[in-house]
Structures are given as structure tokens and as C-alpha cells.
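Chain by chain, the residues run as shown.
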Amino acid sequence: MDLRQLECFIYVAELGSFTQAAMVLGVGQPTLSRQVRRLEVELRQTLFYRNGRGVSLTEAGKRLLAHGRTIQMQFEHARHDVEDSRGTPLGRVTIGLPYAVGHSLSSPFVKEFRHRYPKANLCITEGLTVHLYEWLLLGRIDIALLHDPVPSPSLDIRPIREDDLLVLGYKKRGAAAIAPPIPMRKVAELPLIIPCRPHPLRMMVETRLANMGLKPKIVLEIDAVATIVKLVSQGEGYAIATRHAVAISDARDHLLTRRITAPHMSSVLALAMSAERPLTTLVLRASELLQEILRV
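Here the structure is a predicted model, which is why all the values come from computation and not from measurement. (Residues numbered from 1 in each chain as written. Predicted model: local features only at pLDDT ≥ 70, side-chain atom pairs only at ≥ 80, totals over all residues. Heavy atoms only, no water.)

Trainee: Please explain the nonpolar core as it appears in this structure.
Mentor: Proteins that are soluble and globular tend to have nonpolar side chains buried together. With 22 residues, the main nonpolar core has L105, F109, F113, I143 and L145 as its most contacted residues. Elements that contribute at least two residues to this core include exactly strand 3 (91–97), helix 5 (99–116), strand 5 (143–147), strand 13 (266–274) and helix 11 (281–294). Formed by 19 residues, the second largest nonpolar core is a distinct cluster that contains A13, L32, V36 and L64. (Core = buried A, V, L, I, M, F, W, Y, C linked by side-chain atoms within 4.5 Å. Buried < 20%, exposed > 50% of the residue type's maximum accessible area, 1.4 Å probe, protein only. Helix = DSSP H or I, 4+ residues; strand = E, 2+ residues; numbered from the N terminus.)

Structure (C-alpha cells):
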């Protein structure tokens, strides 16, 4: 297997077409097909199902794609790490951010990153903590900010800050935006709109209530923070979130917030990187910059 064969395979897999992949790579389709076929012969596996509309991955193809992306990224990191020994960090860093944090953090981070490292490339992706955690383990991203991550020997996890968790509800016209604190026992009586398992927030809420012999009353399961907050602002239920989810919402004028007590509930935001793969100078600098901005 060589890197060119792997690159051809990845492009065909992601585009779902030999024709489109050949156009993007700037090679003839017969040449591309030969590269992929050589890879299949070497692995003694069929990587694609071929049909009139394009191609789709076999089970072996899906497994190779997961490894291939990591191999490709690590090769690029190695090349740029050697090059940036001459001075300014070079290469590409991919950062995963939770939706609410990304909304407030992306702009100041991008501006400062481009100012400090003008020759480097930056990619930012947003997602749920459960997805970012998985992508980090697979090597698809270099750095992730995670809410309440589960410890792993494969990851270097550094807590950055702790944010209070609030109960969000519908605010009637003329009412104050902040209401008195609510005991956790009372939260169990509220019709909650909450992410699906195994979202860290969902697991935390269920665990805390289980310790009190209670279960949450869940009316909707939605894995989109903005959608949850929007539904709460329309009176469809209650939610548990940090102040950042409220701050980025267009419907914040219709939201009532209450701090949770007995016990106090909070969410830890942590920065995570691989503990197993080599980290380039650029990845280390980008992680330091993220921590600087988050602590301002």
C-alpha cells in the first residue's frame, strides 16, 4: 500500500464516484481505477460496491476509510512538523468545538490564529461532545473542546473552566429573566427536552436523579442545542444548559433561567488531544491559544 493509492481510495469513498474523484485529483479515470484496484488486490478485499449510479463502501472499505483518514492526517503532520523546524509553525490543524462554545469562540480564535500563524491552515468543525470525542480518538480532528468528557488513556484531557447548569423555561411577557434557584428534586417534575444518550449532560442528569431515587420526565429527545432552546422559548418544555446556550439564542428574550441547587449542577469544559499520536508544533500552539482565549 502506498499513500497515492490510499488518497485515491479516500476521494472515491468520500465523493461516491470514480468520475468525480478523477476530476478533483486531476487524473484520468482509468488511472484512478487502477490505483484502487491495486489496493484491493494487495488487501485481498473488495472495497466498493459498484453500480450505475456510483459506488458505495463495503464493510472492509468502511474500516479502511476510518484508518485511511488518520494515516493521511498523520503523514501531513509529520511532513509539516519537519518543515516548521525552520521557524514559523506550518501545516494544518483541525479543531472540534461544541455548538454553543463554537458560536462565541470561533471568531476571536480565528482572528488571533491567522495573526500569529499566517502560513498555517485552520479547519474548525462543530458537533456534539459525543461525536467530537469519537473523532478525536479516530484521529479525524487534532484538538477538541468537550463537555464533561469521560477519561480515556488515549486522550490528554485538561479541564479549562466550570459553568453552572441552568434550568431554562418559557418567560411570560413582563416577567423577569432570572427566577429563584430550583432544587434538583423539583427538576425531576419538569417536562424536559434533553439530548439523547450517551450525551454527557443526559447521563449526568439521570445519574444525579437516580442517586436521589428519581427519574427525569423526558418529553422530547433532541441532539441540537439551538433547537432545544428554541422549543423551550415557545413553551414546549424545559431544558438544562449553560448560560452560553442562552447567550447565542435568537429567542433569549423569551427564556427564563434558574440555577440548580441541592445539589449544585455544573458542566466542565475541557480541552482534549491525543495522548498516543505525536503532536505537531502547530497543534500545541493552537491548543495554547484556545486556552488563552477561553480564560479571558
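Here the narrative resumes.
Trainee: Even after reading the chapter, I still don't get the pattern of salt bridges, so can you show me in this structure?
Mentor: Two side chains that carry opposite charge are able to pair once their charged atoms sit near each other. Within this structure, the stated rule accounts for 14 salt bridges. E221 serves as the salt-bridge partner of R202, at 2.7 Å between the closest nitrogen and oxygen. Of the two residues, R202 sits in helix 8 (residues 200–211) while E221 sits in strand 10 (residues 217–221), which places them 19 residues apart along the sequence. Linked through salt bridges whose partners overlap, the residues forming this network are R197, R202, E206 and E221. (Salt bridge = Lys/Arg side-chain N within 4 Å of Asp/Glu carboxyl O.)

Trainee: Please explain the packing of aromatic side chains as it appears in this structure.
Mentor: Applying the stated rule across the entire model yields 4 aromatic pairs. Summarising the aromatic geometry, the rings of F9 and F48 are spaced 5.4 Å apart at their centres and angled 45 degrees between planes, so their arrangement reads as tilted. Pair noted here: F9 is in helix 1 (residues 3–15) and F48 is in strand 1 (residues 48–51), with a separation of 39 residues, a long-range link. Pair check on accessibility: F9 and F48 agree, each one buried. Here the aromatic rings of F109 and F113 are separated by 5.9 Å at their centres, their planes lie at 35 degrees, and the arrangement is tilted. In this pair, F109 and F113 are both assigned in helix 5, 4 residues apart and thus about one turn of the helix distant. (Phe/Tyr/Trp six-rings, centres within 6.5 Å; stacked < 30°, edge-to-face > 60°.)

Trainee: When you look at the side chain of S287 in this model, what are you seeing that I'm missing?
Mentor: The topology assignment puts S287 in helix 11. Excluding anything up to four places from it in sequence, S287 contacts I143, L271 and M273. (Contact = heavy atoms within 4.5 Å.)

Trainee: What's the story with unusual backbone geometry in this structure? I'm lost.
Mentor: Leaving glycine out, the prevailing phi sign among residues is negative, and the prevailing peptide bond configuration is trans. Residue P198 is bonded to the preceding R197 through a cis peptide linkage, with omega at 5 degrees. With respect to the helices and strands, the residue P198 is situated in the loop between strand 9 (191–194) and helix 8. Cis geometry is found at the peptide bond from A262 to P263, where omega equals 0 degrees. Residue position: P263 is located in the loop between strand 12 (255–261) and strand 13. For R44, which is not glycine, the phi dihedral falls at a positive 55 degrees. In this structure, R44 sits in the loop between helix 3 (29–43) and strand 1. Even without being a glycine, A262 presents a positive backbone phi close to 50 degrees. Examined against the element boundaries, A262 turns out to sit in the loop between strand 12 and strand 13.

Trainee: What is the right way to look at the confidence of the model for the protein chain in this model?
Mentor: Parts of the model with low pLDDT should not have their predicted coordinates read in detail. Here the protein chain averages 89 in pLDDT, while 96% of its residues score no lower than 70. Here helix 4 (residues 59–83) stands out as the least confident element of the protein chain, with mean pLDDT 78; strand 9 is the most confident, with 97. (pLDDT = per-residue confidence, 0-100.)

Trainee: How should I be thinking about the sheet that holds strand 4 (residues 120–126) in this particular structure?
Mentor: By way of backbone hydrogen bonds, the strands of a sheet pair with one another, either parallel or antiparallel. Strand order across the open sheet formed by 5 strands is 4-3-5-13-6, with mixed pairing between neighbours. Both edges of this open sheet fall to strand 4 and strand 6 (155–164), since each of them pairs with a single strand only. Each adjacent strand pair in this sheet contributes to an overall mean axis angle of 20 degrees, direction not counted. Here strand 6 runs beside strand 13; their pairing, made up of 9 bridges, is antiparallel. Along strand 13, the bridge assignment pairs E162 with V268. (Pairing = 2+ DSSP bridges. Axes fitted to C-alpha atoms, helices over the stretch in contact; angles between N-to-C directions.)

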